[in-house]
Amino acid sequence: MTAENRTPPGREEGPLPETGTAVPAAADPVERLLAEVVEETQPAPVALHHDMRGRGAIVTGGSSGIGRAIALELARSGVHVAINYFDDGDRRTRARAEATAAELRQLEVNVLCRACDVRDPAAVNAFVDEARETFGGLDILVNNAGIARDRALWRMSDEQWQEVLDTNLTGAFHMIRAVAPIFRAQQHGKIVNVSSVHGIRSEFGLANYAASKAGLIGLTRSAAIELGPSNVNVNAVAPGYIRTTRLTDGVAPEVLDRARERSVLGRLGDPQDVAHVVIFLCSEQARHITGAVIPVDGGHLL
Ligand code: NDP
């Protein structure tokens, strides 16, 4: 049965018109309801099942952990991907970024891999311009770059506070400000910010991190309000404990055991668990979601 000849639900029991008499569409409440449902409102989003192939994306911190999983998942959908690395003089970060870039190229998309400190607005602007020129356009921004410097707040130095706020929150602001004119001019774009469950509920030693991730949720909502009229969706994900090397190398085993117990699903997440949700938010299937914060935490926050 095709969509055209299918009888709408509830129609079967209605009074049948006498042979030869036509019921005017406007007089039929079901027809009126259906007409209202199918009517599109402005601004018109791109087609609902639009293929992401050929789009251009930036994933900050895309060389490792969650960012790498997001970059790979976008590339698997045919999206050209720009990743950055933080050039602090440690050659290993560059080598790691280039290894991820090589993996991405194997998926037959265009790839840009550049040093860019998200705390530096001039570097961010140059990175965004180069990504747009390389891909012939830019459609997606994932603000994933982030650091942690955990300490009891009475022992926390100004540097530890500032570095985390500058990277996790101000860095995302720099990126959004740089892509906003592009997304507004083309009347579409997708932004996903990687916040954390700790932006919603904190724990001991996380004053700087929790403040930055809560701030990122506020930034998400503000950007959603300001860019929504230009058909730009801005959302956040709030991962729980995710098994990246940073976590498995840097967090005490008893903390991870507690996190596993706290998750009602009884496990830590994998980077792909976050990546799949981010890809959904970047797709047109999520066109009516904006300003949302989606926990990807196995029920940690319940
Ligand atoms: P990683 O350390 O693997 O990734 C962090 C990325 O951020 C790195 O690629 C790093 O680049 C980049 N980065 C750091 N500082 C800067 C900077 N100043 N400029 C540009 N890039 C920078 O960690 P994860 O994959 O675990 O974390 C990714 C995101 O997910 C973070 O925002 C984190 O807060 C968040 N998150 C992680 C959770 C987890 O359990 N793992 C839970 C909840 C949220 P480089 O390697 O070149 O230094």
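Residues numbered from 1 in each chain as written. Predicted model: local features only at pLDDT ≥ 70, side-chain atom pairs only at ≥ 80, totals over all residues. Heavy atoms only, no water.

Draft legend 1. Inspection of unusual backbone geometry at higher detail. With a phi close to 60°, Gln187 is a non-glycine residue in the positive phi region. Locating Gln187 in the fold gives a position in the loop between helix H5 (158–186) and strand E5 (189–194). Residue Gln187 is classed as partly exposed on the basis of its relative accessible area of 37%. Located in the positive-phi region is Asn231, a residue other than glycine, with phi close to 65°. On the secondary structure map, Asn231 appears in the loop between helix H6 (207–227) and strand E6 (232–239). (Helix = DSSP H or I, 4+ residues; strand = E, 2+ residues; numbered from the N terminus. Buried < 20%, exposed > 50% of the residue type's maximum accessible area, 1.4 Å probe, protein only.)

Draft legend 2. Here's a closer look at the nonpolar core. Ranked by size, the top nonpolar core spans 35 residues in total, and within it Ile70, Leu74, Ile140, Val142, Val237 and Val278 carry the most contacts. Elements with a contribution of two residues or more to this core: strand E1 (56–59), helix H2 (65–76), strand E2 (80–85), helix H3 (91–105), strand E3 (111–115), strand E4 (140–143), E5 and helix H9 (271–282). Aside from chain neighbours lying at most four places away, what touches Val278 is Ile70, Val142, Val192 and Val237. Core analysis: the next-biggest nonpolar cluster, separate from the first, contains 29 residues, Leu141, Ala145, Ile176 and Val234 among them. (Core = buried A, V, L, I, M, F, W, Y, C linked by side-chain atoms within 4.5 Å. Contact = heavy atoms within 4.5 Å.)

Draft legend 3. Representation of the pattern of salt bridges. Taken as a whole, this structure holds 13 salt bridges when the rule is applied. As a salt-bridge pair, Asp117 and Arg119 come within 2.9 Å of each other at their nearest N and O atoms. Using a relative accessible area of 22% as the deciding quantity, one classes Asp117 as partly exposed. On the basis of relative accessibility, which here comes to 29%, the residue Arg119 falls in the partly exposed class. (Salt bridge = Lys/Arg side-chain N within 4 Å of Asp/Glu carboxyl O.)

Draft legend 4. Highlighting the packing of helix H4 (residues 121–135) against H5. Viewed as axis vectors pointing N to C, H4 and H5 meet at an angle of 40°, and their least axial separation amounts to 9 Å. Between H4 and H5, the interaxial angle falls into the category oblique. For the pair H4 and H5, the sense of crossing is right-handed. Residues Pro121, Val124, Asn125, Phe127, Val128 and Arg132 of H4 lie in contact with H5, whose contacting residues are His174, Met175, Arg177, Ala178, Val179 and Ile182. (Axes fitted to C-alpha atoms, helices over the stretch in contact; angles between N-to-C directions. Parallel < 35°, antiparallel > 145°, perpendicular 65-115°, else oblique. Left-handed = near helix turned anticlockwise from the far one by under 90°.)

Draft legend 5. Structural context of the environment of Val79. Within the secondary structure layout, Val79 lies in the loop between H2 and E2. Linking Val79 and Met52, residues 27 residues apart in sequence, is a C-alpha distance of 6.3 Å. Ignoring anything within four residues of it in the chain, the contact list for Val79 reads Met52, Arg55, Gly56, Ala57, Leu74, Val109 and Ile140.

Draft legend 6. Layout of the site of the ligand. As a structural note, the neighbourhood of the ligand is formed by 31 residues, with Ile66, Arg96, Asn144, Tyr209 and Ile242 the closest of them. One nitrogen or oxygen atom from the side chain of Asn84 is found 3.3 Å from a nitrogen atom belonging to the ligand. Calculation on the ligand without its partners gives an accessible area of 890 Å², and the protein chains cover 93% of this total. Broken down by secondary-structure element, the contributors of at least two residues to the shell around the ligand are H2, E2, H3, H6 and helix H7 (245–250). Per-class residue counts for the shell around the ligand are 13 nonpolar, 13 polar and 5 charged. (Near = heavy atom within 4 Å. Polar contact = N/O pair within 3.5 Å; in protein donor to acceptor, adjacent residues only side chain to side chain. Areas by Shrake-Rupley, 256 points an atom, 1.4 Å probe, with all protein chains shown as cover. Nonpolar A, V, L, I, M, F, W, Y, C, P; charged D, E, K, R; others polar.)

Draft legend 7. Region of interest: the sheet that holds E3. Ordered by their spatial adjacency, 7 strands build an open sheet running E3-E2-E1-E4-E5-E6-E7, and the pairing between neighbours is parallel. With one partner strand each, in any of the chains shown, E3 and strand E7 (293–296) form the two edges of the open sheet. Each adjacent strand pair in this sheet contributes to an overall mean axis angle of 15°, direction not counted. Relative to E6, E5 runs parallel, the two sharing 6 bridges. Following the sheet pairing, Gly189 is matched in E6 by Val232. (Pairing = 2+ DSSP bridges.)

Draft legend 8. Geometry of the packing of aromatic side chains. One pass over the structure, following the stated rule, counts 1 aromatic pair. A centroid spacing of 5.9 Å and a plane angle of 75° characterise the contact between Trp154 and Phe204, whose relative ring orientation is edge-to-face. Taken together, the residues Trp154 in the loop between E4 and H5 and Phe204 in the loop between E5 and H6 connect sequence positions 50 residues apart. Phe204 shares its class with Trp154; the two are exposed. (Phe/Tyr/Trp six-rings, centres within 6.5 Å; stacked < 30°, edge-to-face > 60°.)

Draft legend 9. Up close: the side chain of His300. As for its placement among the helices and strands, His300 is situated in the segment after E7. Overall, His300 belongs to the buried group, its relative accessible area being 4%. Leaving out residues up to four positions away in the same chain, His300 has contacts with Val197, Arg201, Glu203, Tyr241, Ala259, Arg262 and Ser263.

Draft legend 10. Summary view of H5. For H5, spanning 29 residues, the distance from its first C-alpha to its last is 41 Å, which sits close to the expected 42 Å at 1.5 Å a residue. Of all bends in H5, the biggest is about 35°, found at Asp166. In the segment just after H5, Gln187 is the residue with positive phi, at about 60°. (Expected span 1.5 Å × (residues − 1). Bend = angle between axes of the 7 residues up to and from the residue.)

Draft legend 11. Focus on the pairing of E5. Among the 6 residues that make up E5, 6 are buried, leaving the element largely enclosed by the rest of the structure. Side chains Gly189, Ile191 and Asn193 project from E5 onto one buried face, and the interleaved Lys190, Val192 and Val194 project onto a second face that is buried too. Here E4 pairs with E5 via 4 bridges, running parallel. Its bridge partner being in E5, Leu141 is matched across the sheet by Ile191. In terms of handedness, the path from E4 via H5 over to E5 forms a crossover that is right-handed. Handedness of the E5-H6-E6 crossover: right-handed. (Right-handed = clockwise from strand over helix to strand, strands pointing away.)

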